[in-house]
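# A look at the structure
If you want the building blocks of each chain, they are given just below.
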Number of protein chains: 2
Amino acid sequence: MNQQGMLADALRQQIIDGAFAPGSRLSESAIAEHFGVARNTLREAFRALSEQGLLEHVPHRGVSVASPTIADVIDIYRARRVIECTALLHSEPEHPSVQRMQQAVLAAEAAAQDAVLDDAEAWREVGSANMAFHVALVDLADSPRLARTYRDLAAELRLAFLKIDDPRSLHEPFVRKNRAVLDTFLTRGAQEGAAELERYLVQSERVVLGAFARMQLG
Amino acid sequence: MNQQGMLADALRQQIIDGAFAPGSRLSESAIAEHFGVARNTLREAFRALSEQGLLEHVPHRGVSVASPTIADVIDIYRARRVIECTALLHSEPEHPSVQRMQQAVLAAEAAAQDAVLDDAEAWREVGSANMAFHVALVDLADSPRLARTYRDLAAELRLAFLKIDDPRSLHEPFVRKNRAVLDTFLTRGAQEGAAELERYLVQSERVVLGAFARMQLG
DNA sequence: TCGAGCATTATTGTTCAACAACTTTGTTTC
DNA sequence: GAAACAAAGTTGTTGAACAATAATGCTCGA
């Protein structure tokens, strides 16, 4: 692959991992030097990440890590409901992706059991497993374009999570809920599974919005 | 706006209008000179359009206009069904976007009446109006992210249309169908409207795939 | 004549340095 | 304390240069 592609991927990972706080500005010269590339090369990578919604670009003010607002969170969940629920509703339990969903649920359950009270790192791992579950779920639709769109949505949502400093409340309740979605889908069919998933998404949105609201008050 | 933003927009329009044939390579130096910008600036615009799926980037072979395959068309329509049908299903007739749908239908009907047998230019105009209808339809969902995704899908689909040299068969039947979707939605509700829309999309996909299949044989 | 291998050419990838355009900051002044 | 202005810093864009890779054309031998 290209240096640019690798650069964009590396930056993407760092941003998602929270190496830069949401909203913080990224200095071109500083980061270019940090990665040992020219400013021009970095700018091309910035451009790609801006298109994905991870960076925000303001003319003559450079790029900053996106910092989702409440409106963004609402929109992201709206799009999630459309994509995820439809994907699950139209799928068969025999789809190979179901196995990946299984594995993700197991991984999340294991990670949640390891995670002690406030080990942020461990809870982040639970979050990753939860996310893997939903990515696999979207893959049920066998649509590269929907999968890509969903990947971008998930990355943005992760930025929203980064703004909240109570990772446990964000991830713990949903380990069980993911399990419920999967089991319902397998035992009672797509229709019921999709309904369960919708409830999941509504609750998850509520938790995030609640945390955001509390943040703005504090 | 930036020179880069304007550049990307201008390029986007030209590509959608068929200024470059799908699949054709875009020489950096030639196009940079044509627009009177430096190669580096152009490359950043290329990067953005590649992210949108309009350009294809192969390392050391530059960018070419995307040339959707049959698999791409199938995927695009899959995504369209998910986004459009869900959007219509959950909307109210009072939504302001309904008016834009009305206008688009009227514009398409007018353009179709003006278009004589094989006036490719006129039929392209019908296609634009048809597209405006569906863009407005997606806006019923009030989701910037879904709207953006849909915009990209529509642009890609236009490239597929460009590969087919019978614009009439591509656009004419659907003027009436759009009208039917809108009327059904308004008189018989969202459920029926969404069902009509689904039929629309299935038929439209069939027409495009048929044309593609015939292309590969000829 | 044909194909394999090789040299040539053209294009893209990346860097660097410079300057223009603009925003932000800091200072002065009233 | 607010407005106006100057200074400093950052981004936007350019042009040239060279490296890395792909496409092309050529030679040579079978």
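Now for a quick tour of the structure.

Basis of the calculations
- Residues numbered from 1 in each chain as written.
- Chains lettered and ligands numbered in written order.
- Predicted model: local features only at pLDDT ≥ 70, side-chain atom pairs only at ≥ 80, totals over all residues.
- Helix = DSSP H or I, 4+ residues; strand = E, 2+ residues; numbered from the N terminus.
- Near = placed C-beta within 6 Å.
- Nonpolar A, V, L, I, M, F, W, Y, C, P; charged D, E, K, R; others polar.
- Contact = placed C-beta atoms within 7 Å.
- Buried ≥ 20, exposed ≤ 12 C-beta atoms within 10 Å, placed from the backbone.

### Section: unusual backbone geometry
Residue A:H60 is not a glycine yet carries a positive backbone phi of 65°. Its location among the elements puts A:H60 in the loop between strand 2 (55-58) and strand 3 (62-65).

### Let's talk about the protein's contact with DNA strand D
Neighbouring DNA strand D are 17 residues; A:G62, B:Q3, B:A38, B:N40 and B:T41 lie closest to it. Contributing elements (two or more residues each) for the surface near DNA strand D: helix 2 (28-35) of chain A together with helix 1 (3-16) and helix 3 (39-51) of chain B. Here the residues of the surface near DNA strand D sort into three nonpolar, 11 polar and three charged.

### So, the interface of chain A and chain B
Contacts between the two partners involve 23 residues from chain A, matched on the other side by 23 residues from chain B. Only helix 3 (39-51), helix 4 (70-89) and helix 7 (144-163) of chain A provide two or more residues apiece to the side of chain A that touches chain B. Take the side of chain A that touches chain B: its biggest share by element is seven residues, from helix 4 of chain A. Along the lines of polarity and charge, the residues of the side of chain A that touches chain B split into 10 nonpolar, six polar and seven charged.

### Quick look at the protein's contact with DNA strand C
Residues in close proximity to DNA strand C total 16 residues, the closest being A:Q3, A:A38, A:N40, A:T41 and B:G62. Among the secondary structure elements, those contributing two or more residues to the surface near DNA strand C are helix 1 (3-16) and helix 3 of chain A together with helix 2 (28-35) of chain B. Residue composition of the surface near DNA strand C, by class: three nonpolar, 11 polar and two charged.

### Things to note about the environment of B:E156
Residues and elements named next belong to chain B. Among the secondary structure elements, E156 is positioned in helix 7 (residues 144-163). Taking the number of C-beta atoms within 10 Å as the measure of exposure, E156 has 22 and is therefore buried. Counting along the chain gives 89 residues from E156 to S67, while the straight-line C-alpha distance between them is 8.5 Å. Not counting residues within four places of it along the chain, the set of residues in contact with E156 comprises G53, L54, A66, P68 and I76.

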